[in-house]
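Residue strings, one per chain:
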Amino acid sequence: MSMPLVNVCMPPPGAEQPWRLESYSKRGGYRVWKRALSGKLKAAKILDTVKASGLRGRGGAGFPTGLKWSFMPAGCKQPSYLVCNSDESEPGTCHDRDILRYNPHALIEGMALAAYAMGATVGYNYIRGEFLDEPVPRFLAALDEASAAGLIGRGLGRARVDFELHPFVGAGAYICGEETGLLESLEGKPGKPRFKPPFPAQSGLYGRPTTVNNTQTLACVPSILQNGAEWFKALGSPNSAGTMIYSVSGHVERPGNYEAPLGVSFNDLLEHAGGVWKGRQLKAVIPGGSSVPVLPAEIIRECAMDYDSLAQAGSSLGTGAVIVMDETTCMVSVLRRIARFYYAESCGQCTPCREGTGWLYRMLTRMLEGRAGVADLDLLLSVANNIEGHTICALGDAAAWPVQSFLKHFRPEFEARIRSSVARREVAHA
Amino acid sequence: MPDNSVRFTVDGRELEGAAGEMLIAATDREGIYVPRFCYHPKLSVAANCRMCLVDVEGAPKPLPACATPVAEGMSVRTHSQRAISAQRATMEFLLINHPLDCPVCDQGGECELQDLAMGFGRDISRFSEGKRAVPDPDLGPLVSTDMTRCIHCTRCVRFGEEIAGVQELGATGRSEHMEITTWVKRSLRHELSGNVIDVCPVGALNNKPYRFTARAWEMTAHPTVAPHDCVGSALYAHVLRGRVRRIVPRENEAVNETWISDRDRFSCEGLYVGDRLEKPLVRRNGRLVETGWEEALAAAADGLAQLREEQGGQALGALVSPSATCEEGYLLKKLMHALGSANIDYRLRRRDFRGQQKEPPAPWLGMRFAEVESLDSLLMVGCDLRGEAPILAHRVRKAALSGARVSYLDLAEREYLHPIEKAIAAPPGDWADALARAAADSLSGQGCAVWLGGLALRHPACSELLEIAADLPAEVVSGRVSEGGNAAGLGLAGVLPFADIPNDASFSPGMDAGLMQRQAPGGMVLMGAEPEFDCAAGAEDALAEAQFILALNPWASDWMRQHAHVVLPTATYLETPGTFVNGQLDWQSFAAAAPPPGLARPAWKVLRALAGRLELEGFGYSSPDQALADLRRQADSRPDAGPASSGGSAVDSQAAEEERFAGLQLPMHSVDGLVRRSLPLQQAAAA
Amino acid sequence: MSDKTPLSSAALSAIRASAARFPAGRQRSAVLDALRLAQSENGGWLSVPLMDAVAEALDMPPIQVYEVATFYSMFEVRPVGRHCVSVCTNISCWLRGGEELLAHLEKRLSIGVGESTANGRIYLKKEEECLAACAGAPMMMVDHRYYEHVSAEDADRIIGELQR
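All values reported here derive from a predicted model rather than from experimental measurement. (Residues numbered from 1 in each chain as written. Chains lettered and ligands numbered in written order. Predicted model: local features only at pLDDT ≥ 70, side-chain atom pairs only at ≥ 80, totals over all residues. Heavy atoms only, no water.)

Once that is clear, we can look at the overall build of chain C. Within chain C, the secondary structure is distributed over 7 helices and 4 strands. Moving toward the C terminus, one meets the helices and strands of chain C in the order α-α-α-α-β-α-α-β-β-β-α. Principal-axis analysis of the C-alpha atoms gives chain C an extent of 50 × 35 × 25 Å. Out of the 164 residues belonging to chain C, those deemed buried represent 56%. Accessible surface, chain C: about 6,600 Å² in total, of which carbon and sulfur atoms supply 51%. Distance between charge centres in chain C, computed from 17 positive and 21 negative side chains, equals 4 Å. (Helix = DSSP H or I, 4+ residues; strand = E, 2+ residues; numbered from the N terminus. Buried < 20%, exposed > 50% of the residue type's maximum accessible area, 1.4 Å probe, protein only. Areas by Shrake-Rupley, 256 points an atom, 1.4 Å probe, with all protein chains shown as cover. Lys, Arg positive; Asp, Glu negative; His and termini not counted. Charge placed at Lys NZ, Arg CZ, Asp CG, Glu CD.)

Moving on: the overall build of chain B. When its secondary structure is counted, chain B shows 24 helices and 26 strands. Expressed along its principal axes, the backbone C-alpha trace of chain B runs to roughly 90 × 60 × 50 Å. Per-residue burial for chain B yields a buried fraction of 61% across its 687 residues. Pairs at least 24 apart in sequence give 71% of the contacts found in chain B among residues at least 6 apart. Carbon and sulfur atoms form 50% of the exposed surface of chain B, whose accessible area is close to 25,200 Å². Separation between the mean location of the 68 positive side-chain charges and that of the 89 negative ones in chain B comes to 5 Å. (Contact = heavy atoms within 4.5 Å.)

Looking now at the pairing of strand S17 (residues 377-381) of chain B. Residue and element names in this part refer to chain B. Within S17, 5 of the 5 residues are buried, which leaves the element mostly enclosed by the surrounding structure. Of the two faces of S17, the one holding Ser377, Leu379 and Val381 and the one holding Leu378 and Met380 are both buried throughout. Here S17 pairs with strand S20 (residues 448-452) via 5 bridges, running parallel. Within S20, the position partnered with valine 381 by the bridge is leucine 452. (Pairing = 2+ DSSP bridges.)

Together, A:Arg35, A:Lys40, A:Lys45 and A:Arg158 line one region of the surface with positive charge. Inspection of the secondary structure assignment puts A:Lys40 in the loop between helix H2 (31-37) and helix H3 (43-53). (Patch = residues over 30% accessible without salt bridge, like charges linked within 9 Å, V, L, I, M, F, W, Y side chains within 5 Å. Salt bridge = Lys/Arg side-chain N within 4 Å of Asp/Glu carboxyl O.)

Under the domain assignment, chain C is made up of domain 1 (9-71) and domain 2 (83-163). The straight-line distance from the C-alpha centre of domain 1 of chain C to that of domain 2 of chain C is 28 Å. (Domains from an automatic or database assignment.)

With omega at 0°, the peptide bond leading from A:Pro197 into A:Pro198 counts as cis. Here A:Pro198 is to be found in the loop between helix H8 (179-186) and strand S5 (210-214). With an omega dihedral of -5°, the bond running from C:Ala137 to C:Pro138 counts as a cis peptide bond. If you check the backbone angles, B:Glu615 has positive phi at about 60° while not being a glycine. Along the chain, B:Glu615 turns up in the loop between helix H20 (603-613) and helix H21 (624-637).

As a further point, take the state of the cysteines. Simply put, the disulfide is a covalent bond whose two ends are the sulfur atoms of two cysteines. Scanning the model with the defined rule gives 0 disulfides over all chains in all. B:Cys462 provides the cysteine sulfur closest to B:Cys535, a residue in no disulfide bond, and the two sulfurs are 16 Å apart. Owing to a relative accessible area of 9%, B:Cys535 belongs among the buried residues under this scheme. Take C:Cys134: it sits in no disulfide, and the sulfur closest to it among the cysteines is that of C:Cys130, at 3.5 Å. (Disulfide = S-S within 2.5 Å.)

Under the criterion given, the structure shown has 23 aromatic pairs over all chains. What links up through ring pairs into an aromatic cluster is the set A:Tyr81, A:Tyr124, A:Tyr126, A:Phe168, A:Tyr206 and C:Phe22. In this structure, B:Arg632 is placed above the aromatic ring of B:Trp587, and the distance from its NZ or CZ to the ring centre is 3.9 Å. (Phe/Tyr/Trp six-rings, centres within 6.5 Å; stacked < 30°, edge-to-face > 60°. Lys NZ or Arg CZ within 6 Å of the ring centre and 35° of its normal.)

Right, let's get into the interface of chain C and chain A. Listed per partner, the contact involves 40 residues of chain C and 59 residues of chain A. Carbon and sulfur atoms supply 58% of the area buried between chain C and chain A, which totals about 4,100 Å² over both sides. Our enumeration of links across chain C and chain A arrives at 3 salt bridges. We note a salt bridge from C:Glu148 to A:Arg97, for which the minimum N-O separation is 2.8 Å. (Buried area = accessible area lost by both parts, 1.4 Å probe.)

Taken in spatial order, the 5 strands line up as S7-S6-S10-S8-S9 (chain A) in an open sheet, and their pairing is mixed. At either end of the open sheet lies a strand with only one pairing partner, and these are strand S7 (256-261) and strand S9 (295-296) of chain A.

It is worth spelling out the side chain of A:Asp268 at this point. Residues and elements named next belong to chain A. Along the chain, aspartate 268 falls in helix H11 (residues 266-272). No salt bridge is formed by the buried aspartate 268; its nearest oppositely charged neighbour, arginine 301, is found at 9.0 Å. Excluding anything up to four places from it in sequence, aspartate 268 contacts Ser2 and Met3.

The interface of chain B with chain A comprises 33 residues on the first partner and 33 residues on the second. Buried area between chain B and chain A, both sides added, is near 2,700 Å², and the carbon and sulfur share of it is 53%. Along the contact surface separating chain B from chain A lie 4 salt bridges. Salt-bridge contacts for A:Glu345 lead to B:Arg174; the nearest nitrogen and oxygen are separated by 2.8 Å.

Moving on to the nonpolar core. Core analysis: the largest hydrophobic core is formed by 95 residues, its most contacted members being A:Phe414, C:Leu35 and C:Tyr72. Among the elements that take part in this core, helix H17 (residues 395-429) of chain A stands out by supplying 10 residues, more than any other. Beyond its immediate chain neighbours, meaning those up to four positions away, C:Tyr72 contacts A:Tyr126, A:Ala171, A:Gly172, A:Ala173, A:Cys176, A:Ser185, A:Lys189, A:Pro190, A:Gly191, B:Arg174 and C:Leu32. In terms of nonpolar packing, the next biggest core, distinct from the first, is built from 74 residues, B:Cys38, B:Ala46, B:Met147 and B:Leu365 among them. (Core = buried A, V, L, I, M, F, W, Y, C linked by side-chain atoms within 4.5 Å.)

For the pair helix H15 (residues 351-369) of chain A and helix H2 (residues 81-96) of chain B, the least separation of the axes is 9 Å and the interaxial angle reads 60°. The element H15(A) and its partner H2(B) pack so that their crossing is left-handed. Here H15(A) contributes A:Thr351, A:Pro352, A:Arg354, A:Glu355, A:Gly356 and A:Trp359 to the contact with H2(B), which in turn contributes B:Thr90, B:Glu92, B:Phe93, B:Leu94 and B:Ile96. Its residues placed into classes, the contact of H15(A) with H2(B) shows 5 nonpolar, 3 polar and 3 charged. (Axes fitted to C-alpha atoms, helices over the stretch in contact; angles between N-to-C directions. Left-handed = near helix turned anticlockwise from the far one by under 90°. Nonpolar A, V, L, I, M, F, W, Y, C, P; charged D, E, K, R; others polar.)

To continue, consider the pattern of salt bridges. For the coordinates displayed, the defined rule picks out 82 salt bridges over all chains. The salt bridge involving B:Glu112 is made with B:Arg155; its shortest N-O contact spans 3.3 Å. One end of the pair, B:Glu112, is in helix H3 (residues 112-120); the other, B:Arg155, is in helix H4 (residues 155-164), with 43 residues separating them in the sequence. Here C:Glu76 ties to C:Lys125 by a salt bridge, and the two come within 2.6 Å at their closest N and O atoms.

In structure tokens form, the structure reads like this:
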């Protein structure tokens with residue numbers, strides 16, 4: 001029997017209009033926040049609980065959330081900021097959109113609790129611009145409801161808590177998902193990541209102490225405080241507490257968002273998604289969004305979907321975006337499509353990424369068009385290696401890792417494809 | 001070392017630095033070279049070029065030296081395998097889309113990319129894709145663009161935002177399509193914009209008028225000093241085959257840091273224009289004709305001698321450009337005195353000289369330029385600082401950004417580009433009252449100052465303004481932003497109608513510039529001054545009445561062609577040795593960078609020869625240094641105030657308003673003959 | 001589609017409201033909202049006078065507005081068709097026929113990606129980002145609205161409605 005699905009960040013199935021305050025309250029929503037507003041739940045207790053819960057950031061890097069919060073200078077002068085990263089754009093990832101659409105109050109309550117824990121009085125939710133039609137209005141409506149109910153604003157409750165929460169809508173740039181690129185964008189600039197140090201906790205939005213957390217991370221927080229750190233820990237596997245909304249896409253029968261305990265086996269997850277489509281065989285999986293290394297079937301089949309297991313297998317949990325590829329997939333074409341994405345989305349400031357991502361894409365194009373030799377694979381790898389670790393933000397790494405992992409696992413297929421493309425081209429020109 | 005000092009090692013060497021200081025600043029100080037493109041010590045850290053990656057022990061990846069603060073115990077290797085391979089990787093990426101058109105690039109030979117490619121580049125490119133081509137925006141007459149060469153370091157963008165205070169260039173687009181541009185067709189307007197040429201590490205932004213005129217390695221560099229404002233920026237003149245090809249800044253932290261104004265950079269384009277004189281001119285039968293020096297000097301000496309004979313020495317007068325050198329001013333003063341005249345002045349656009357003998361001899365700022373940055377409050381009266389002294393305006397901007405309260409009293413509000421306390425717009429007739437009020441309202445704190453600028457010094461009641469400023473409480477520094485590059489030097493050289501007058505009963509204080517421009521003495525000597533542009537309004541008509549007019553000038557202006565009797569072709573500041581004293585009283589001597597064209601000669605030599613013709617004693621100087629030594633001795637022994645009888649003239653207070661307040665405003669690119677003849681500057685002014 | 005369109009008073013007050021969400025002196029943060037408003041008022045693209053008007057409204061140097069407008073993919077700085085159609089071809093959609101769907105639309109509309117139809121009705125945007133509807137692949141976005149599990153027939157119908 002496969003591991004069952006659970007709902008921590010997502011509302012229970014069948015809930016009516018789960019995005020409404022009424023529905024969220026019925027499910028126990030805002031109970032924790034109201035305790036904080038009444039003065040019964042102290043900021044330090046929230047921080048301790050989140051630390052103890054083992055919650056890690058769901059945006060891709062998996063950094064321990066409580067530890068990140070503790071970097072905010074204690075008792076710092078206001079304003080300091082909490083920023084939610086709803087700029088969901090890692091290819092293959094589509095769960096934050098569903099949190100915004102179906103459970104926006106969990107996010108608002110999570111943000112309020114997080115801000116309170118860190119002493120931040122102002123929050124911004126940075127939502128990607130493409131979400132303008134449905135997720136943004138849902139979030140705004142929830143914000144209005146929360147505001148009308150006295151849950152956000154100034155001088156709230158007996159504890160006279162200040163928490164002002166504002167929406168911010170992006171305008172189309174993958175790099176704004178990087179936290180310092182996001183802060184630049186929030187300041188009204190192109191989203192070019194900042195060099196760290198200083199880290200946002202020292203100098204973030206407008207030079208003030210700032211913490212940026214991902215949507216799903218924050219949406220976990222009310223449940224953790226309601227049910228306790230131990231409950232959350234027990235949901236997942238060691239080092240991987242709680243649940244993850246896995247966005248399963250690609251060659252499966254039932255693509256979708258599946259919230260399951262961390263540590264669910266890949267095979268169980270694939271089964272929830274109906275297995276590989278059309279009765280075909282599994283070839284490869286990118287387990288955490290397009291930036292993480294690809295794993296061939298025989299390796300991913302042995303993996304549990306958590307931080308440690310995927311790291312041991314040479315990849316990463318990333319955003320939990322599980323991209324499934326069947327036996328018919330051309331890995332050279334997949335890699336070129338991924339390379340085109342990083343080429344288009346590089347912000348342009350660092351030399352290796354600005355110049356190198358286009359070079360990778362052009363080489364891969366030549367390989368598919370019969371204008372490359374097998375020796376070009378070494379050049380491809382060398383250029384990827386020269387980008388990796390040499391840029392301000394991780395986009396350079398994200399452009400390099402797919403190249404490295406595709407070549408590591410599928411090099412013979414690349415060589416064969418190069419040869420056949422050359423042969424086809426010669427025939428066409430004959 | 002201060003308390004916050006930290007110890008760390010670089011390539012095995014023990015170094016000390018201040019905690020938080022960037023590694024590259026420390027290695028630069030110690031002479032350890034780390035390659036870089038985007039880093040510039042005067043600009044914010046961008047860390048985008050990735051050329052300065054070094055190996056820091058314990059760090060998971062190489063770190064940029066420009067953005068890595070030094071820390072206690074840190075161990076850095078700049079030449080380890082990891083550092084070198086990171087730097088080589090960056091160099092390869094920089095070159096793949098760079099055109100490598102070095103043979104036709106003006107930057108060739110002085111290009112940071114070219115230099116580093118020699119050290120870090122590969123012999124053979126591994127890049128076989130097509131190269132990027134980028135359109136070139138038209139940035140106006142001063143800066144040329146070849147944007148395909150751009151390496152996107154953003155120094156020019158940061159220069160605009162951080163130094164100029166107005167962002168004109170930006171980085172549009174993203175990924176490899178990012179472009180440095182104005183986006184819409186827009187010329188660079190800021191008075192310091194030419195500095196982007198120097199901050200650009202490659203040949204993307206270059207000196208437009210200089211384009212294709214020389215190769216960097218063919219030219220010789222001659223240190224000199226800028227003549228157009230009271231800053232006296234340090235310059236190099238680059239010379240090829242006897243001609244100045246371009247001007248670039250010379251670093252002098254105490255004066256201009258690393259910047260120069262566009263006026264100082266591009267005025268050299270006026271050097272060799274059409275009306276430049278290569279031979280002396282003498283009026284014959286009503287027409288100026290070219291002649292040799294013998295004949296011209298004879299005509300000049302005869303003209304002066306004859307008037308002295310007929311009407312006495314007091315019938316002679318001299319007007320000297322405020323950008324003449326100390327030596328030139330001193331020699332002409334000495335010559336006038338020897339001829340029996342004290343009618344000499346360099347304050348050509350000033351109109352009110354009452355009380356002049358009580359003013360300090362050198363009009364200066366009252367403080368060092370660096371001290372400006374730590375002022376608490378500053379009031380500028382009648383001062384178009386960005387136009388008058390752009391580098392000083394940059395210091396004031398820095399002061400304002402770090403909290404100084406800066407106020408202006410002026411005809412109207414201008415574009416200031418920094419936070420201001422007050423901008424008081426008042427008709428000039430109200431300035432005296434307004435100054436007294438504004439000083440009381442806006443000056444406070446440890447360091448405070450009042451500066452009178454060009455408009456105040458050209459004001460018909462200038463003396464009143466000076467007096468109010470001088471009478472402010474002692475803690476208020478009262479300074480002047482004076483015209484020209486050497487007002488302070490000429491003041492110290494005594495080029496004034498009341499200074500150093502021979503102890504001789506026949507001598508009395510002479511005519512000031514205002515008086516000479518209303519009632520011209522019979523014989524006029526004009527040195528570096530073109531009356532139709534360089535004097536107070538109306539002077540050209542009065543001066544034309546003189547019976548004999550001798551001009552010493554590099555060019556023959558229209559007025560001279562019409563009225564002068566002898567025009568002696570002289571050198572510009574680039575063609576003569578000399579000394580300027582700037583607004584913080586630095587004596588800055590310089591050598592000639594290039595020979596003057598044709599028969600033109602440095603004015604100090606011309607004056608020496610003229611004195612010889614006139615058979616005057618004491619002009620046997622074999623170098624300008626000797627004249628300088630004499631004048632400095634004289635300046636040191638001069639009493640603080642001039643004779644009480646030298647009250648000075650003023651404009652008729654009954655005259656109509658428009659006449660009294662005429663000529664207050666002086667456009668930035670009209671200040672002197674060289675600037676007026678620089679076509680690119682005139683085009684920029686018109687753009 | 002006039003390139004002289006100034007900002008309407010409604011847009012100006014919306015920009016002011018947006019700027020009020022940020023601390024004093026940080027009104028530049030409202031530039032994305034302001035450009036979005038300006039673009040939607042101007043038939044889907046930003047002219048230089050409009051960008052200059054945004055710069056003035058937010059007290060920014062115009063070049064900083066151009067930098068922003070050219071950095072973010074949702075802003076257009078050249079005239080484009082009235083309806084913006086983006087077909088996602090990023091990895092998850094690509095695996096399920098996104099590229100074929102795009103090719104189908106290019107053929108049907110007789111334009112390449114990045115171009116607009118001659119009648120000015122439809123702009124086929126080159127969409128580089130994943131649009132985060134991977135579970136509904138292939139998907140397309142029309143004027144911000146998401147359509148998921150889109151077949152060629154679905155696309156034809158959706159486009160057909162826009163042509164009217």
